[in-house]
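What follows is the residue order along each chain.
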Amino acid sequence: MSYADTHPLQRTPMARYRHSLWLLTTRDLKVRYSTSALGYVWSVLDPLVMAGIYWFVFTQVFQRPVGTEPYIVFLLSALLPWMWFNGAVSDSTRAFLKDAKLVRSTMIPRTIWVNRIVLSKGIEFLLALPVLALFAIVFGAQVGWQLVLFPLAIALQAILTAGVALIVAPLVVFFRDLERAVKLILRFLFYASPIIYGVTNLPPELHLWAAFNPLTGIFGLYRSGFFPDELDWFNVAIAAVMSIAILAIGLLVFRGSVRQVLKEI
């Protein structure tokens, strides 16, 4: 172990940032699970219940062919990452307001208060992946080479989610009604994204428009390991470009507003 490892002040700024980010993230996870009797189970119970409801509605009630069989695997492969995106963006609306005293009094980069939410929700997503694997085995989903693209999907989603959260977090401080507006937008985005359906279920004239929702390409990457037809490299390219652009915009918005945010909270 080096001297810098045992003396935090001797670390590089990036190393100190990573260390602080990890401490805050683990603190969030410990607080979240320590106050709940079921703990980790809640991180998978919510998407499982939602998947069960949609599976029942679209296969047992309407009996309308949506997605691809096994449908429960098709659902979960997009629903689990959606829970990460939805939870991180929702919680980012209170990233500064919830810990206002700590945000004002500490000297660590303020982006850490947003990134810790993205990271903690991302860890919950990773912890839920064994459930997806279990359903894939039980229902006999075929696994293809495209499964190696899973890390790429995680990286793109982390970039996109961080970018959106960096935009939302400071703006909510100035416009408190934006917190409710974000929830409405997320509800709309849930149905506008290929979660309970696939891009192939959309009318041909909507395929191009769907590509400009970056979640379309990202969810296609997640699903491609089990459903190769869901992989569309055009959608992935659009998702990559838009995710990087949104992150750049998020950093500009955040840096341009952080001083005023500290005065407001």
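Within any chain, residue numbers begin from 1 and follow the written order of that chain's sequence. This being a predicted model, a pLDDT of at least 70 is required before a residue's local features are given, and a value of 80 or more before pairs of side-chain atoms are given or counted; all residues contribute to the totals for chains, interfaces and linings. With hydrogens and water stripped out, all remaining heavy atoms of the structure feed into the side-chain values.

Visitor: Where do I start with the packing of aromatic side chains in this structure?
Guide: One pair of aromatic rings is described through two measures. These are the centre distance and the angle between the planes. Here is the rule: rings of Phe, Tyr and Trp (six-membered ring for Trp) pair when centre to centre is within 6.5 Å. Planes less than 30 degrees apart are stacked, more than 60 are edge-to-face, and the remainder are tilted. Scanning the entire structure with this criterion turns up 12 aromatic pairs. Taking 5.8 Å as the distance between ring centres and 40 degrees as the angle between the ring planes, the aromatic pair formed by Trp82 and Phe85 counts as tilted. Within this pair, Trp82 and its partner Phe85 are both found in helix H4 (residues 71-92), separated by 3 residues, close to a single helical turn. Here the two residues Trp82 and Phe85 agree in accessibility, since each one is buried. An aromatic cluster of three or more residues is present, and its members are Tyr54, Trp82, Phe85, Phe190 and Tyr191. Only DSSP runs of H or I reaching four residues or more are called helices, and only runs of E reaching two or more are called strands; each is numbered from the N terminus. Burial classification: accessible surface area is computed with a 1.4 Å probe over protein chains only, and a residue below 20% of its type maximum counts as buried, one above 50% as exposed, and the rest as partly exposed.

Visitor: What is the right way to read the environment of Met83 from this model?
Guide: Looking at the secondary structure, you find Met83 in helix H4. Put simply, Met83 and Ser43 are 40 residues apart on the chain and 9.2 Å apart in space, counted from C-alpha to C-alpha. Contact criterion: two residues are considered in contact whenever any of their non-hydrogen atoms come within 4.5 Å of each other. For Met83, the contacting residues outside a window of four places in its chain are Asp46, Pro47 and Met50.

Visitor: Would you mind going over helix H8 (residues 178-192) with me for this structure?
Guide: For an α-helix, the turn length of 3.6 residues means that residues three or four places apart are oriented alike. What a helix should span is 1.5 Å times the count of its residues minus one. In this model H8 runs 20 Å from its N-terminal to its C-terminal C-alpha over 15 residues, within 8% of the 21 Å that 1.5 Å per residue would give. Among all positions of H8, only Glu179, Val182, Leu186, Leu189 and Phe190 are buried. Down the axis of H8, the buried side of the element spans an arc of 105 degrees, and every buried residue falls inside it. For H8, the exposed residues lying more than 90 degrees away from the buried face are Arg180, Leu184, Ile185, Arg187 and Phe188. Arc definition: it is the arc formed by the directions from the helix axis to the C-beta atoms.

Visitor: Any chance you could explain the pattern of salt bridges here in plain terms?
Guide: Where charged atoms from two side chains of opposite charge come close, those side chains can pair. We count a salt bridge whenever a side-chain nitrogen from Lys or Arg sits within 4 Å of a carboxyl oxygen from Asp or Glu. Per the counting criterion, the structure on display carries 5 salt bridges. A salt bridge links Arg94 to Glu179; the nearest nitrogen and oxygen atoms lie 3.6 Å apart. One end of the pair, Arg94, is in the loop between H4 and helix H5 (100-105); the other, Glu179, is in helix H8, with 85 residues separating them in the sequence. Residue class for Arg94 comes out partly exposed when judged on its relative accessible area of 39%.

Visitor: How do you make sense of the packing of H4 against helix H7 (residues 150-174) when you look at a structure like this?
Guide: Between two packed helices, what matters for the description is the angle formed by their axes and the separation of those axes. Remark: H4 packs on H7, axes separated minimally by 8 Å, with the N-to-C direction vectors making an angle of 20 degrees. Between H4 and H7, the crossing angle belongs to the class labelled roughly parallel. Judged by the twist between their axes, the crossing of H4 over H7 is right-handed. From H4, Pro81, Trp84, Phe85, Ala88, Val89 and Ser92 reach across to H7, where they touch Ile154, Gln157, Ala158, Leu160, Thr161, Val164, Ala165, Val168 and Ala169. Throughout, the ten residues Ala, Val, Leu, Ile, Met, Phe, Trp, Tyr, Cys and Pro are labelled nonpolar, Asp, Glu, Lys and Arg are labelled charged, and all others, Gly among them, are labelled polar. Split into classes, the residues belonging to the contact of H4 with H7 amount to 12 nonpolar, 3 polar and no charged. For helices, the fitted axis covers only the stretch in contact; all axes are lines through C-alpha atoms, and the angles between them, taken along N-to-C directions, range from 0 to 180 degrees. Note on angle classes: values under 35 degrees are labelled roughly parallel, values over 145 roughly antiparallel, values of 65 to 115 roughly perpendicular, and the remainder oblique. It is the rotation of the near helix from the far one that decides the hand of a crossing: anticlockwise by less than a right angle makes it left-handed, clockwise makes it right-handed.

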